[in-house]
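Fold and contact review
In case you want the letters, here they are:
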Amino acid sequence: MFLIQNTLVSLDVLEKEFCCNLDVCHGCCCIEGDAGAPISDEECQKVEQILPILLPEMTKEAREVVEKQGISYLDPSGERVTSIVNDKDCVFSRTDHQGWCYCLIEKAYREGKIDFKKPISCHLYPIRLTSLQEGKMIGVEYHRWDICHCGRQLGKKLHLPLYKFLKEPLIRRFGQAWYDELELTATEWKKQQIGNL
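For the structure given in this document, a descriptive report is provided here. Worth saying up front: this structure is predicted, and the values here are computed from it rather than measured. (Residues numbered from 1 in each chain as written. Predicted model: local features only at pLDDT ≥ 70, side-chain atom pairs only at ≥ 80, totals over all residues. Heavy atoms only, no water.)

To continue, consider the pattern of salt bridges. Scanning the entire structure with this criterion turns up 11 salt bridges. Two residues, Arg80 and Asp41, come together in a salt bridge whose shortest N-O distance is 3.5 Å. Placement of the pair is Arg80 in strand E4 (residues 80-82) and Asp41 in helix H3 (residues 41-54), with a sequence separation of 39 residues. When its relative accessible area of 28% is taken as the criterion, Arg80 is described as partly exposed. Residue Asp41 is classed as exposed on the basis of its relative accessible area of 54%. When the shortest N-O distance is used, the salt bridge between Glu188 and Lys191 registers 3.7 Å. Of this pair, Glu188 and Lys191 both sit in helix H10 (residues 176-195), three residues apart, which is roughly one turn of that helix. With relative accessibility at 42%, the residue Glu188 sits in the partly exposed group. In the salt-bridge network here, residues are joined through shared partners; they are Glu57, Lys107, Glu111 and Lys113. (Salt bridge = Lys/Arg side-chain N within 4 Å of Asp/Glu carboxyl O. Helix = DSSP H or I, 4+ residues; strand = E, 2+ residues; numbered from the N terminus. Buried < 20%, exposed > 50% of the residue type's maximum accessible area, 1.4 Å probe, protein only.)

Here we come to the pairing of strand E9 (residues 127-132). Side chains on a regular strand alternate between the two faces of the sheet. As defined by bridge partners, E9 adjoins strand E10 (residues 137-142) across six bridges and the pair is classed as antiparallel. Directly across from Ser131, in E10, lies its bridge partner Ile138. If you look at the hairpin formed by E9 and E10, you'll find four residues sitting between the two strands, and Gln133 has a positive phi there, around 50 degrees. (Pairing = 2+ DSSP bridges.)

Mapped onto the elements, Lys117 comes out in the loop between helix H5 (104-110) and helix H6 (120-124). Reaching out from Lys117, the side chain makes a polar contact with the side chain of Glu168 at a distance of 3.2 Å. The contact partners of Lys117, leaving out residues within four places of it in the chain, are Ile105, Glu106, Tyr109, Arg110, His123, Glu168 and Arg172. (Polar contact = N/O pair within 3.5 Å; in protein donor to acceptor, adjacent residues only side chain to side chain. Contact = heavy atoms within 4.5 Å.)

For the rest of this paragraph, the subject is helix H7 (residues 149-158). The complete set of buried residues in H7 reads Cys150, Gly151, Arg152, Leu154 and Gly155. At its buried positions, H7 is contacted by helix H2 (22-25) and E10. Once H7 ends, the next one or two residues include His159, with phi positive near 55 degrees.

Judged by nonpolar contacts, the single largest core of 23 residues is most densely connected at Val9, Ile127, Val140, Tyr163, Leu170, Trp178 and Leu182. The element that contributes the greatest number of residues to this core is H10, accounting for four residues. Setting aside anything within four residues of it in sequence, one finds Val140 in contact with Thr7, Leu8, Val9, Ser10, Val13, Ile127, Arg128, Leu129, Phe174 and Trp178. (Core = buried A, V, L, I, M, F, W, Y, C linked by side-chain atoms within 4.5 Å.)

Looking now at the pairing of E10. Most of E10 is tucked away, with five of its six residues classed as buried. In terms of strand pairing, strand E2 (residues 7-9) meets E10 through three bridges, oriented parallel. Bridge pairing in E10 places Leu8 opposite Gly139.

Given below as C-alpha cells:
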C-alpha cells in the first residue's frame, strides 16, 4: 500500500494492467452482480434532479422499481447503491438490439442534456473505494471480477497500467495534484523494481 494524501493505494492499482474491452464484454458490469453500484448521497441528489430526463428512456420494469423504492437502497453491508431490476440490472442500464448494455445517465451526458457523467464508482471501476479510519482515510483498491477477464487480457496486450487507464475518473475524484503524486509513486516504484532485478 502507498500513502498518497489521505488515501491508501493498493500496489495492484500501480502494477495490474487493464483496459475495458467493450467489444467482448458489451458492458455487462451494469447488469451482472447481486447489488447496484455504490452511490453517494450527493450523487443521489443529482440523479433525482435529472430523473425526469432519464425516466422516458428507462424500461417499464426499472420505472416501477424506482417508483416503489426510489433510485437507491442500502445493500446488506449498509452501503447505498443504485436500485436494480430482477436482482441484477441497474435501473439506469439499457440493452440495445445488438446486446450491448449502456448507461442512460452517461448517454444523456454525452448528448449534452445533463452535466453529470455517472456515479464515480461506475466511472472508476474496476477500482473500488473504501472508507477507512472512520472516514479519515480512503482505500483505493483493484476489484477483480471474472467478467472483466477480457479487460485484463487487453490491458496486458497494450501494457496499460490500471492507474493510467483510469486517469480521467481518478482525477475527477481526487484531483490533478493527487494523480501527479500517484504517477510519480508508480515511476519510482518501477525504478526500484528494475533496480532489484
